[in-house]
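# Tertiary structure, described
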Amino acid sequence: TVCDDSFSDNSADAICKEMGYIHGARNWTSGSLYESQSSYDIGLDDVVCSSDIWDSCTSTTSHNCEHSEDVHLACALEDPLMFRLVDENGETIDSDSSERGLLLHYGHTVCDDSFSDNSADAICKEMGYIHGARNWTSGRSV
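Description of the structure in this document.

With that settled, the discussion passes to the environment of T29. Locating T29 in the fold gives a position in strand β1 (residues 25-30). T29 gets classed as partly exposed once you look at its relative accessible area, which sits at 39%. Spatially, the C-alpha atoms of T29 and G43 are 17 Å apart, while their sequence positions differ by 14 residues. If we skip the residues at most four places from it in the chain, T29 touches D70, V71 and H72.

The structure is reproduced here in structure tokens:
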């Protein structure tokens, strides 16, 4: 099993993607959910991932955990949202927020070639922002 110490959404996404689920994790939790948990050894602890790619992760095979800290993971078969905005940590930005974010289309970034104010308005309205886009930028932040 995998211990929940330092486990995060990035850890969950990285593990699901490593197992072949291209959209990462749907959700995860930890705890004692199955009687059979105690029959498995705890194999990983302190899984820390700086992104949703397994190569960005560190972990240890020694642990200080009980099975009550086991991770339970559900991987996503598909991204449920056609479009979404994420913050610098990859967390989805709520539609009631005015925060700027990275635009994803089914979990993938969107190229700015031919992107316009009309594109931004249409996508924002699709995501539930009734007034469309306030503004948008592309390129690298300075």
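As a further point, take unusual backbone geometry. A negative phi holds for most residues other than glycine; trans holds for most peptide bonds. Unlike most non-glycine residues, S6 shows phi in positive territory, near 65°. Mapped onto the fold, S6 is located in the segment before α1 (9-18). Unusually for a residue other than glycine, S114 sits at a positive phi of about 65°. One can find S114 in the loop between β7 (108-109) and α2 (117-126).

Residues M19, Y21, L73 and L77 make up a contiguous nonpolar surface patch of about 410 Å² in total accessible area. Position of M19 among the secondary structure elements: in the loop between α1 and β1. Judged by its relative accessible area of 53%, M19 is exposed.

Another point: the state of the cysteines. Going through the model one piece at a time under the given rule, you end up with three disulfides. A sulfur-sulfur distance of 2.0 Å marks the disulfide that ties C49 to C57. Taking the torsion about the sulfur-sulfur bond, which here is approximately 110°, the covalent link between C49 and C57 counts as right-handed. Once the bonded cysteines of the protein are numbered in order along the sequence, the disulfide links fall as 1-5, 2-6, 3-4. Cysteine C111 is unpaired, with the sulfur of C124 as its nearest cysteine sulfur at 17 Å. We classify C124 as buried; its relative accessible area is 14%.

As a further point, take the sheet that holds strand β5 (residues 83-86). With antiparallel pairing, three strands are arranged side by side in an open sheet as β5-β6-β7. Each edge of the sheet is formed by a strand with only one pairing partner; in this case those strands are β5 and β7. In this sheet, β7 lies alongside strand β6 (residues 102-105) in antiparallel orientation, the contact comprising two bridges. Within β7, the residue paired with L104 across the bridge is T109.

Side chains three or four residues apart in an α-helix point the same way, a direct result of the helix having 3.6 residues per turn. For α1, the buried fraction is high: seven of the ten residues fall into the buried class. Listed in full, the buried residues belonging to α1 are N10, S11, A12, D13, A14, I15 and C16. Looking at the buried positions of α1, the neighbouring elements they touch are β1, β2 (45-49), β3 (57-60) and β4 (71-75). Where α1 begins, the capping side chain belongs to S8, and its oxygen is found 3.3 Å from the backbone nitrogen of N10. The first or second residue beyond α1 is G20, which carries a positive phi of 105°.

The rules behind each value
- Residues numbered from 1 in each chain as written.
- Predicted model: local features only at pLDDT ≥ 70, side-chain atom pairs only at ≥ 80, totals over all residues.
- Heavy atoms only, no water.
- Helix = DSSP H or I, 4+ residues; strand = E, 2+ residues; numbered from the N terminus.
- Buried < 20%, exposed > 50% of the residue type's maximum accessible area, 1.4 Å probe, protein only.
- Contact = heavy atoms within 4.5 Å.
- Patch = residues over 30% accessible without salt bridge, like charges linked within 9 Å, V, L, I, M, F, W, Y side chains within 5 Å.
- Areas by Shrake-Rupley, 256 points an atom, 1.4 Å probe, with all protein chains shown as cover.
- Salt bridge = Lys/Arg side-chain N within 4 Å of Asp/Glu carboxyl O.
- Disulfide = S-S within 2.5 Å.
- Pairing = 2+ DSSP bridges.
- Polar contact = N/O pair within 3.5 Å; in protein donor to acceptor, adjacent residues only side chain to side chain.

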